[in-house]
Amino acid sequence: MAFISSLPYGSQNATFWRILLVLHCLCTLVFTTISTPPEDPVKCVSGNSNCTVTNSYGVFPDRSMCRAANVAYPTNEAELVSIVAAATKAGRKMRVTTRYSHSLTKLACTDGTDGLFISTKFLNHTVQADARTMTLTVESGMTLRQLIAEAAKVGLALPYAPYWWGLTVGGLMGTGAHGSSLWGKGSAIHDYVTEIRMVSPASVNDGFAKVRVLSETTTPNEFNAAKVSLGVLGAISQVTFKLQPMFKRSLTYVMRNDSDFGDQAVTFGKKHEFADLVWLPSQGKVVYRMDDRVAVNTSGNGLFDFLPFRSQLSAALAIIRTSEEAQETFRDANGKCAGATLISSTLFATAYGLTNNGIIFTGYPVIGSQNRMMSSGSCLDSLQDGLITACPWDSRIKSEFFHQTTFSVPLTQVKNFINDIKSLVKIESKSLCGLELYYGILMRYVTSSPAYLGKETEALDFDLTYYRAKNPLTPRLYEDFIEEIEQIALFKYNALPHWGKNRNLAFDGVIKKYKNAPAFLKVKESYDPTGLFSSEWTDQILGIRGNATIVKDGCALEGLCICSEDAHCAPTKGYLCRPGKVYIEARVCTRVKGISVIQSVTY
């Protein structure tokens, strides 16, 4: 690429990203079904002993290591009962881990080093499929991909689900995972569950473990606690879903400017059953997903194989990460914005991975069966290739490394929140290009749920993904803007954080936002009075003891705290704790120009 050096600076950035993006997209298309699948998140020194667990990104928000003395792999409910009973009798701490451990937060962690991981990797079978009653009972380790396929075998469909199919049924239930819809019961998968079988600790008279069968009709209080459980009530064994007859969807993406976005965001979800939005605030654009149910006999065999969830060439991932690190080092906002514009326009031009027949995209609308349109993640469905290719975030290679901040803003406050973000963009138009390098702000619709730790009201879920430095003490370009957005949502508009995503600060005092929290904690006390399935992390986020935030030098850089003094930022690098620009109550790490002597300020 020697010719690039002769081009003007702006052209260098654009040309570099254009070449890189073309190569990257070609590799993505070519290597769609050739990829190294993720490794097991549980690793042990000897057999199933002296073990650690991490998430699919290789690091938790606080960068700590989670350990346990052993891991167990039950293959059926009877084995799960035996494992829980033995651990309960010994008074051992337990936490359930999943096949891919996709939650960013420390929900898989147990305390100390003497505990037990219970992996549901092999607890992944279909128990019963009943086309007549339209129900499907599966074990908790089954992935969403398997669940969708098993339902389709009997002509049924799950109406709503997350877009990434590498989640397990137990993980979906534990974190309140969802798709996007304001229709019917909403987009949360747990609200389409009719029965849960859970194994929890018990007294010696009950053999130290008890199988609890929960449903809306027989045990409504306990059922609503178990629907979003954070794993603290016990180990889910089986889940029964109420499904629907197979149907098709008709999907069209439309890109528009964001001049009236505040109003549109509030009403768009009522117009289309599977609506979502991708906002590109620095570009002043929004991608509207016009996605509706159509009859099963409608012509079309479309497939949604989302491009960012396909396998990627490891060499290309390394180049992209290296370029982003260079942009951060040299504060190259122009480079980020050039890359963001090219990435977003390319994704839109390629319909984000939609094809009309499973092979090629020929135009809108794309019509396909629900099981082919609702979720994807083809980088998981692959053979070993020695890490020549991998999922884009695979921690074994130099790959994507990011923070993810996700929260649900009440629909009544969405317009105001969007206007606040627009005000920040007016202050610095390049400030949010970093979000657009990671697809943009994905926005999904959710409704209130009877689950005690589910959503409280109709809301719009904002999903922000952005660069994370390998060094936790390295500040980010325009990090104060994203920190302010985070605090505006959580504190000004009382947004609810996603249980399986987010940085620590989002969870401090969060339990107070749930009106049914006392009822949940009462069920928890009944099911596991000694807290064997609880951990330091779950105690913190449930308000039982301790705080989710960690206060130390540099803590605000990674969202471990909200800064209250300059030392919580990076004062030696010119980042000081300052009030927000739009939301004055916010406290963010801001780069202060032209300072020669840094005086610590406490807020």
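Note that the structure is predicted; figures quoted are calculated from it, not measured. (Residues numbered from 1 in each chain as written. Predicted model: local features only at pLDDT ≥ 70, side-chain atom pairs only at ≥ 80, totals over all residues. Heavy atoms only, no water.)

Could you give an account of helix H6 (residues 261-271), with specific residues and numbers?
For H6, the complete set of buried residues consists of Phe261, Gly262, Gln264, Ala265, Phe268 and Gly269. When H6 is viewed along its axis, its buried side chains cluster within an angular range of 160° and face the same direction. (Buried < 20%, exposed > 50% of the residue type's maximum accessible area, 1.4 Å probe, protein only. Helix = DSSP H or I, 4+ residues; strand = E, 2+ residues; numbered from the N terminus. Arc of directions from axis to C-beta.)

Quick one: what's the story with the pattern of salt bridges, residue by residue and with numbers?
The final tally for this structure, using the stated rule, is 29 salt bridges. Glu39 is the partner of Lys43 in a salt bridge, and the nearest nitrogen-oxygen pair spans 3.2 Å. The class of Lys43 is partly exposed, set by a relative accessible area of 37%. Taking the relative accessible area as the measure of exposure, Glu39 reaches 33% and is therefore partly exposed. The salt bridge involving Asp463 is made with Lys501; its shortest N-O contact spans 2.8 Å. Linking Asp463 in strand E23 (residues 459-467) with Lys501 in the loop between strand E24 (496-497) and helix H13 (517-527), this pair joins segments that are 38 residues apart in sequence. Residue class for Lys501 comes out buried when judged on its relative accessible area of 15%. Three or more residues joined by partner-sharing salt bridges are found here, namely Arg249, Asp276, Arg289 and Asp291. (Salt bridge = Lys/Arg side-chain N within 4 Å of Asp/Glu carboxyl O.)

Tell me about the domain arrangement of the protein chain, and name the residues and values.
Parsing the protein chain into structural domains produces domain 1 (42-119), domain 2 (126-246 + 513-542) and domain 3 (248-304 + 341-368 + 402-511). Of note, the centres of domain 1 and domain 2, computed from C-alpha atoms alone, are 19 Å apart. Counting residues at the interface gives 27 residues for domain 1, matched by 33 residues for domain 2. Both sides of the domain 1 and domain 2 interface together cover about 2,200 Å² of buried area, and 66% of this is carbon and sulfur. Together, Glu77, Arg95 and Leu107 form the three largest contributors to the area buried by domain 1 at its contact with domain 2, with a combined 24%. (Domains from an automatic or database assignment. Contact = heavy atoms within 4.5 Å. Buried area = accessible area lost by both parts, 1.4 Å probe.)

Describe the state of the cysteines, with residues and values.
Evaluation of the coordinates by the stated rule reveals seven disulfides. The residue that forms a disulfide with Cys563 is Cys577, at a sulfur-sulfur distance of 2.1 Å. Of note, the bridge from Cys563 to Cys577 carries an S-S torsion of about 80° and is right-handed in sense. In this pair, Cys563 is assigned in the loop between helix H14 (536-541) and strand E25 (575-579) and Cys577 in strand E25, connecting sequence segments 14 residues apart. Exposure remark for Cys563: the relative accessible area of 2% places this residue in the buried category. (Disulfide = S-S within 2.5 Å.)

Would you mind going over the UniProt feature "domain: FAD-binding PCMH-type" (unreviewed entry) in the protein chain in detail, with residue names and values included?
The sites that carry the UniProt feature "domain: FAD-binding PCMH-type" (unreviewed entry) are, in the present numbering, residues 64-246. Each end of residues 64-246 is marked by a C-alpha atom, and these two atoms are 44 Å apart; helix forms 21% of the span and strand 29%. (UniProt positions renumbered as here; feature names shortened; annotations may be inferred.)

So what about the packing of H6 against helix H10 (residues 414-427)? Which residues, and what values?
Close contact between H6 and H10 brings their axes to 8 Å; oriented N to C, the two are set at 145°. Of the two elements, H6 crosses H10, and the hand of that crossing is right-handed. Contacts between H6 and H10 involve Phe261, Gly262, Asp263, Ala265 and Val266 from the former and Val414, Lys415, Ile418 and Lys422 from the latter. (Axes fitted to C-alpha atoms, helices over the stretch in contact; angles between N-to-C directions. Left-handed = near helix turned anticlockwise from the far one by under 90°.)

How would you summarise the packing of aromatic side chains if you had to cite specific residues and measurements?
Within the structure shown, the criterion is met by 28 aromatic pairs. Aromatic side chains Phe268 and Tyr288 sit 5.0 Å apart centroid to centroid with 70° between the ring planes, which places their arrangement in the edge-to-face category. Of the two residues, Phe268 sits in helix H6 while Tyr288 sits in strand E15 (residues 285-294), which places them 20 residues apart along the sequence. A relative accessible area of 4% places Phe268 in the buried class. Relative to Phe306, the ring of Phe304 lies with its centre 6.0 Å away and its plane at 85°, an arrangement referred to as edge-to-face. Judged on exposure class, the residue Phe304 and its partner Phe306 are both buried. Ring pairs connect the aromatic residues Tyr57, Trp164, Tyr253, Phe304, Phe306, Phe309, Tyr352, Trp393, Phe402, Tyr438 and Tyr439, which therefore count as one cluster. In this structure, Arg145 is placed above the aromatic ring of Trp165, and the distance from its NZ or CZ to the ring centre is 5.0 Å. A cation sits over an aromatic face here: Lys581 above Phe481, 4.7 Å from the ring centre. (Phe/Tyr/Trp six-rings, centres within 6.5 Å; stacked < 30°, edge-to-face > 60°. Lys NZ or Arg CZ within 6 Å of the ring centre and 35° of its normal.)

Outline the sheet that holds strand E6 (residues 126-130), supporting the account with residue identities and numerical values.
Strands belonging to one sheet form pairs held by backbone hydrogen bonds; the direction of such a pair is parallel or antiparallel. Across the sheet, which stays open at both edges, the five strands sit in the order E6-E7-E11-E9-E10 with antiparallel pairing between neighbours. The strands lining the two open edges of the sheet, one partner per strand, are E6 and strand E10 (209-215). Ignoring strand direction, the axes of neighbouring strands in this sheet form an average angle of 10°. Bridge count between E6 and strand E7 (residues 135-139): four bridges; the pairing is antiparallel. Directly across from Gln128, in E7, lies its bridge partner Thr137. Running over the sheet, helix H2 (residues 77-90) touches strand E9 (193-201), E10 and strand E11 (235-242) and is turned about 35° from E9. (Pairing = 2+ DSSP bridges.)

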